[in-house]
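# Fold and geometry: a report
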Amino acid sequence: SSSSSSSSSSSSLRNVHGVAEALPFPTNSIDAIVSTLTLCSVTDQAQSLSEFRRVLKPNTGKLLFWEHVLSEDNPALALQQKILSPIQTLVADGCHLNRRTGANIRNAGFEG
């Protein structure tokens, strides 16, 4: 057996199919979750965030996200998001522009 055919790297990346509300990982087993335009379209955002918290390693696990969030500082934009959200939900795979995703992430115990 050749040593060049084996890897001594301690890091790995796995792509696993599942749903955010019921992640197929053991508790406290994940180093990082990268969520991109996901929390705007999940069925149960609170349950998804609870699952993120469950599977992330305590103290060191990281949530990295890029999400649609309802504007908290621009009332005109927030109104536009609320008006457009039903159409967006239909044409963009269930994406809700009017979710308070930023506040919900903070309320789930994730720090910014």
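Quick caveat: nothing in here was measured; it's all calculated off a predicted structure. (Residues numbered from 1 in each chain as written. Predicted model: local features only at pLDDT ≥ 70, side-chain atom pairs only at ≥ 80, totals over all residues. Heavy atoms only, no water.)

### Concerning the pairing of strand β2 (residues 62-66)
Of the pairings in the sheet, the one linking strand β1 (residues 32-36) to β2 comprises 5 bridges and is parallel in character. Counted as the bridge partner of V34 is L64 from β2. A crossover links β1 with its parallel partner β2, the connecting element being helix α1 (residues 45-55), and its sense is right-handed. (Pairing = 2+ DSSP bridges. Helix = DSSP H or I, 4+ residues; strand = E, 2+ residues; numbered from the N terminus. Right-handed = clockwise from strand over helix to strand, strands pointing away.)

### A closer look at the confidence of the model for the protein
Taken residue by residue, the protein gives an average pLDDT of 89. The fraction at 70 or more is 90%. Note that residues 1-6 has pLDDT below 50 and, in this model, 0 contacts with residues that lie over four places away or in other chains. (pLDDT = per-residue confidence, 0-100. Contact = heavy atoms within 4.5 Å.)

### As for the environment of D31
Tracing the chain through its elements places D31 in the segment before β1. On a C-alpha basis, the gap between D31 and K57 in space is 5.9 Å, while along the polypeptide they are 26 residues apart. Contacts of D31, omitting those with residues within four sequence positions, involve L56, K57, T60, G61 and K62. Reaching out from D31, the side chain makes a polar contact with the side chain of K57 at a distance of 2.9 Å. (Polar contact = N/O pair within 3.5 Å; in protein donor to acceptor, adjacent residues only side chain to side chain.)

### Some thoughts on the nonpolar core
With 14 residues, the main nonpolar core has I33, F52, L63 and F110 as its most contacted residues. Top contributing element to this core by residue count: α1, with 3 residues. Apart from residues no more than four positions distant in its own chain, I33 is found in contact with L23, F52, V55, L56, K62, L63 and L64. (Core = buried A, V, L, I, M, F, W, Y, C linked by side-chain atoms within 4.5 Å. Buried < 20%, exposed > 50% of the residue type's maximum accessible area, 1.4 Å probe, protein only.)

### Considerations on the environment of G109
Assignment of secondary structure puts G109 in the segment after α3 (101-107). A C-alpha to C-alpha distance of 9.1 Å links G109 and L49, two positions 60 residues apart in sequence.

### Topic: the pattern of salt bridges
All told, the structure shown has 3 salt bridges when counted by the stated rule. With its nearest N and O atoms 2.8 Å apart, the salt bridge here joins E51 to R54. Here E51 pairs with R54, and both are found in helix α1, just 3 residues apart, close to one helical turn. The exposure class of E51 is buried, given its relative accessible area of 9%. (Salt bridge = Lys/Arg side-chain N within 4 Å of Asp/Glu carboxyl O.)

### Notes on α1
Listed as buried for α1 are Q45, S48, L49, E51, F52 and V55. With its buried residues spanning 155° around the axis, α1 presents them on a single face. Elements that come into contact with the buried residues of α1 comprise β1, β2 and α3. Two or three places before A46, at the start of α1, stands the capping residue D44, its side-chain oxygen 3.2 Å from that residue's backbone nitrogen. (Arc of directions from axis to C-beta.)

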